[in-house]
Amino acid sequence: MAGKSLFRKIWDLHAVAKLPTGQTQLFIGLHLVHEVTSPQAFDMLREQNLRVAFPDRNVATVDHIVPTASQARPFADRQAEDMMKAIERNAKEFGIRFFGIGDAHQGIVHVIGPETGLTQPGLTIACGDSHTSTHGAFGSLAFGIGTSQVKDVLATQCLAMTELKVRRINVTGRLRPGVYAKDVILAIIRKLGVNGGIGYAYEYAGDTVHRMTMEERMSICNMSIEGGARIGYINPDETTFEFIRGREFAPKGGDFDRAVQYWKSVSSDADAHYDSVVDLNAAELEPMVTWGITPGQAIGIRERMPALAEFPESERKSAELAYHHMGFEPGRPIAGTPIDVAFIGSCTNSRLSDLREAARIVKGRKVAKTVRALVVPGSTSVKEKAEAEGLDRIFSEAGFEWRAAGCSMCLAMNPDKLKGREICASSSNRNFIGRQGSSTGRTILMSPVMVAAAAIEGRLVDAREFLI
Amino acid sequence: MKITEISGTGIPVEGNDIDTDRIIPARYLKEITFTNMGKYAFYDERHDSKGELRPHPFNDHKYDGAKILIVNKNFGCGSSREHAPQAILRHGIKAVVGESFAEIFAGNCTMLGAPTVTMDEREVIDLMAAVRANPGTSIRLSLVHRTVTYSGKTVPIHIADVVQKALTEGTWDSTRLMLENMEKVRTTAGRIPYLNRFQAAEG
């Protein structure tokens, strides 16, 4: 009999009951809550006279709507202020731990979970945000959920779920200098498509993934959802355990040693059954950039944009819409495309290592006069650490705005937005039409290093030219 | 409430990979209730930058009162925002028929008692064409028989067994179902290592 995957093991351990619908009632070990998708859920609890079942397994913060220029209260935007008051009241009333403005733990929910040690292997995690898949980097099952499901988790600490199939994605080969985890995941989505993962959990494996730091693994798992996979994960190993050791909410002393035994036990067995296996050779990859309006519409920086004839008929209309929105011409090189805005941030790429790598390029150089550039650290703690290393000065002296922590221009719920048809080189995860706050604005996804290089040149370039 | 059948006229919104930012732009997520979401469905697709109406099925009066939204592949991809199905349903839609759906979007619809059902590409194209040619075409979606019937033609649909059961038996309120199992929830919590200082891992 074949062995079990990590998905199978964690699923079985957390299965509470079979529901009359045939779904599984699955216990959720950690529920992360943020200001935008939770107020309606708390209202529903009040209406139905329900309490939070396991308050100490729920943690809340604010990230989506917070301004990053000035975080002085009350916020200038009244709607944002109302939303802040709502989560503060809800956290207090229902007895949930809350990391608010001014707290070192405040930040993008998918950055602070790992950095506080809350995110650990072998957990089931849920959050009302699709990029919850990020936490799978630790070997957990981490589900993005809607608001009605947020209510379910608050009221019962469970989700009604249907099992997923598991696809193992073997990534092999040494990444060339200047090629990062972001390029790997964009290449995976390009290969498998933005809907290729529907019905699947993605298990990322192979020597390339095994060599990655936790921060790189998080960038990979973060974008699973862009490939249609609701969750993505990586089997935990020594890199994972060492990352967690000593963090505030990590197990201590003898608990930690026992925890490692548990964490090792949830890894996929060598002979585990997979519903699908895919291989990717990463040794040949070059820095990736998107040319269209889905994360799968990506190419290497030295490639030409695809001709319409290259698309199967069913995808041609989407490609035409993408070219129309972007104002690009099929068959042309993408390198050299002028940009207006450079954004380094988001739950994909706003961690300390992202900022360090980008700063290597920025140091001693100036942002092009035609470019508005900003760096938004993923958490208050990332911001403080970066400042202790002097990264803020490197960015500021080059002409980047150095901001406070939040989601910012990834989804533009705060004042950080594109204007009109501006083109943004962005380290975020979605290039959807209107995503960055202007219905005609344009987003080109890439690694933070590529954003930094584009900011300096004022146009898309192969950042490796700066790294030599 | 049991949902076994939905009848009404249709409205086609053509295109693959129509994401949740297109269904409802993030700036409308700043409201702390879902009450107004119906106004914002496809807002940026329906209005130009000056706020003037643009051609879009949701602006086209010939589709007024439609209950069945017809879409193509990977509809609702992107964000987990329940605001997206809330916007569509509060606009008056009761069911969505398409080639495929993003998982979180489809799950959110189920939680709200709205079926998302799939049909073959060819059948979706035909249904869209029929509705465009005659917006008054009456469509009957049977969750019991797993069919769509229109213009004297009956086409098979696919709906996940759990969703079919939840809607036709009126058990899609998962909170209520799961609250009945709270004793089992506590038993499960008792065997999960990280809730018990990893003592279970030793055994």
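Calculation rules
- Throughout, residues of each chain are indexed from 1 in the direction in which the sequence is written.
- As a convention, the first chain written is A and the first ligand written is 1, with the rest following in written order.
- Side-chain atom pairs in this predicted model are given and counted only at pLDDT of 80 or more, local residue features only at pLDDT of at least 70, and totals for whole chains, interfaces and linings cover all residues.
- As a convention, hydrogens and water are excluded, and side-chain values are obtained from all of the structure's heavy atoms.
- When checking whether two residues touch, look at their non-hydrogen atoms; a contact exists if any pair is within 4.5 Å.
- When two components associate, each loses some accessible surface as probed by a 1.4 Å sphere; the sum of these losses over both components is called the buried area.
- Here a salt bridge means any side-chain nitrogen of Lys or Arg lying within 4 Å of a carboxyl oxygen belonging to Asp or Glu.
- Here a polar contact is recorded for every N or O atom pair within 3.5 Å, except that within protein the pair must consist of a potential hydrogen donor and a potential acceptor, and residues adjacent in sequence are included only if both atoms are side-chain atoms.
- In this text, helices come from DSSP runs of H or I with a minimum length of four residues, and strands from runs of E with a minimum of two, each type numbered from the N-terminal end.
- Amino acids are sorted into nonpolar (Ala, Val, Leu, Ile, Met, Phe, Trp, Tyr, Cys and Pro), charged (Asp, Glu, Lys and Arg) and polar (every other residue, Gly among them).
- Two strands qualify as a pair provided DSSP detects at least 2 bridges between them.
- Each residue is placed in one exposure class: buried if its accessible area under a 1.4 Å probe, protein chains only, is under 20% of its type's maximum, exposed if it is over 50%, and partly exposed if it falls in between.
- Fitted lines through C-alpha atoms serve as axes, helices being fitted only where they are in contact, and the angles separating the N-to-C directions of these axes extend from 0 to 180 degrees.
- These domain limits were set by an automatic method or by a database of domain assignments.
- Any Phe, Tyr or Trp ring, taking Trp's six-membered ring, that has another such ring centre within 6.5 Å forms a pair; planes under 30 degrees apart are called stacked, those over 60 apart edge-to-face, and the others tilted.
- Working rule: Lys NZ or Arg CZ, within 6 Å of ring centre, within 35 degrees of ring normal, means a charge sits over the ring.

Another aspect to go through is the interface of chain B and chain A. Contact with chain B, which involves 58 residues of that partner, is made by 77 residues of chain A. Counting the surface lost from both chain B and chain A, the interface buries some 5,600 Å², and carbon and sulfur atoms represent 60% of this. Here chain B and chain A share 4 salt bridges between them. The partner of Asp 255 of chain A in a salt bridge is Arg 197 of chain B, with the nearest N and O atoms 2.8 Å apart. Seen at the junction of chain B and chain A, the total is 23 residue pairs in polar contact (both at pLDDT 80 or more). Counting residues per element, the side of chain B that touches chain A draws most heavily on helix α8 (residues 182-191) of chain B, at 7 residues. Looking at side-chain class alone, the side of chain B that touches chain A contains 24 nonpolar, 14 polar and 20 charged residues.

Once that is clear, we can look at the side chain of His 83 of chain B. For His 83 of chain B, the location among the structural elements is in helix α3 (residues 83-90). Setting aside chain neighbours within four positions, we find His 83 of chain B in contact with Val 36, Thr 37 and Gln 40 of chain A together with Ile 24, Leu 29, Phe 34 and Met 37 of chain B.

Residues and elements named next belong to chain A. With respect to topology, 5 strands assemble into an open sheet ordered β17-β16-β15-β18-β19, the strand pairing being parallel. Looking at which strands have only one partner, the edges of the open sheet turn out to be β17 (401-402) and β19 (442-445). In terms of strand pairing, strand β18 (residues 423-426) meets β19 through 4 bridges, oriented parallel. Across the sheet, residue Ser 426 finds its bridge partner in β19, namely Leu 445.

All names here are of chain A. Here the structure, examined in full by the defined rule, presents 45 salt bridges over all chains. The residue Asp 12 makes a salt bridge to Lys 4 at a minimum N-O spacing of 3.9 Å. Between Asp 237 and Arg 217 there is a salt bridge, and its shortest N-O distance comes to 2.9 Å. Of this pair, Asp 237 sits in the loop between β11 (231-233) and α9 (238-244) while Arg 217 sits in helix α8 (residues 214-222), placing them 20 residues apart in sequence. Both residues of the pair, Asp 237 and Arg 217, count as buried. Several salt bridges converge on common partners, so that one network encompasses Lys 4, Arg 8, Asp 12 and Glu 163.

As a further point, take the sheet that holds strand β2 (residues 10-12) of chain B. Strand pairing in a sheet is mediated by backbone hydrogen bonds. Such pairs are either parallel or antiparallel. All names here are of chain B. Sheet architecture is open: 4 strands sit in the order β2-β3-β4-β5, paired in parallel fashion. Two strands in the sheet have a free side with no partner beyond their single neighbour: β2 and β5 (116-118). Going across the sheet, the axis of each strand differs from the next one's by a mean of 25 degrees, ignoring polarity. Running over the sheet, helix α5 (residues 121-133) touches β2, β3 (68-70) and β4 (95-98) and is turned about 110 degrees from β2.

Relative to the helices and strands, Gly 228 of chain A is located in the loop between α8 and β11. Taking the C-alpha atoms as reference points, Gly 228 of chain A and Leu 192 of chain A, 36 residues apart in sequence, are found 9.4 Å from one another. Other than its neighbours up to four places away in sequence, Gly 228 of chain A contacts Val 194, Gly 197 and Ile 198 of chain A together with Glu 103 of chain B.

Taken domain by domain, chain B comprises domain 1 (5-171) and domain 2 (173-203). Each of domain 1 of chain B and domain 2 of chain B has a C-alpha centre, and the two are 37 Å apart.

Before going further, it helps to spend a moment on the packing of aromatic side chains. Each pair of aromatic rings is reported with the distance of its centres and the angle of its planes. Enumeration according to the criterion identifies 21 aromatic pairs over all chains in this entry. The interplanar angle of 10 degrees and the centroid separation of 4.0 Å between the aromatic rings of Tyr 28 of chain B and Tyr 40 of chain B together place this pair among those described as stacked. Highlighted residues: Tyr 28 of chain B in the loop between α1 (20-23) and α2 (43-46) and Tyr 40 of chain B in the loop between α1 and α2, separated in sequence by 12 residues. Neither residue differs from the other here; Tyr 28 of chain B and Tyr 40 of chain B are each classed as buried. Arranged with centres 5.2 Å apart and planes meeting at 55 degrees, the rings of Tyr 28 of chain B and Tyr 43 of chain B form a pair that is tilted. Placement of Tyr 28 of chain B in the loop between α1 and α2 and of Tyr 43 of chain B in helix α2 is noted, with a sequence separation of 15 residues between them. Taking the ring centre of Tyr 200 of chain A as reference, the NZ or CZ of Arg 167 of chain A above it sits at 4.0 Å.

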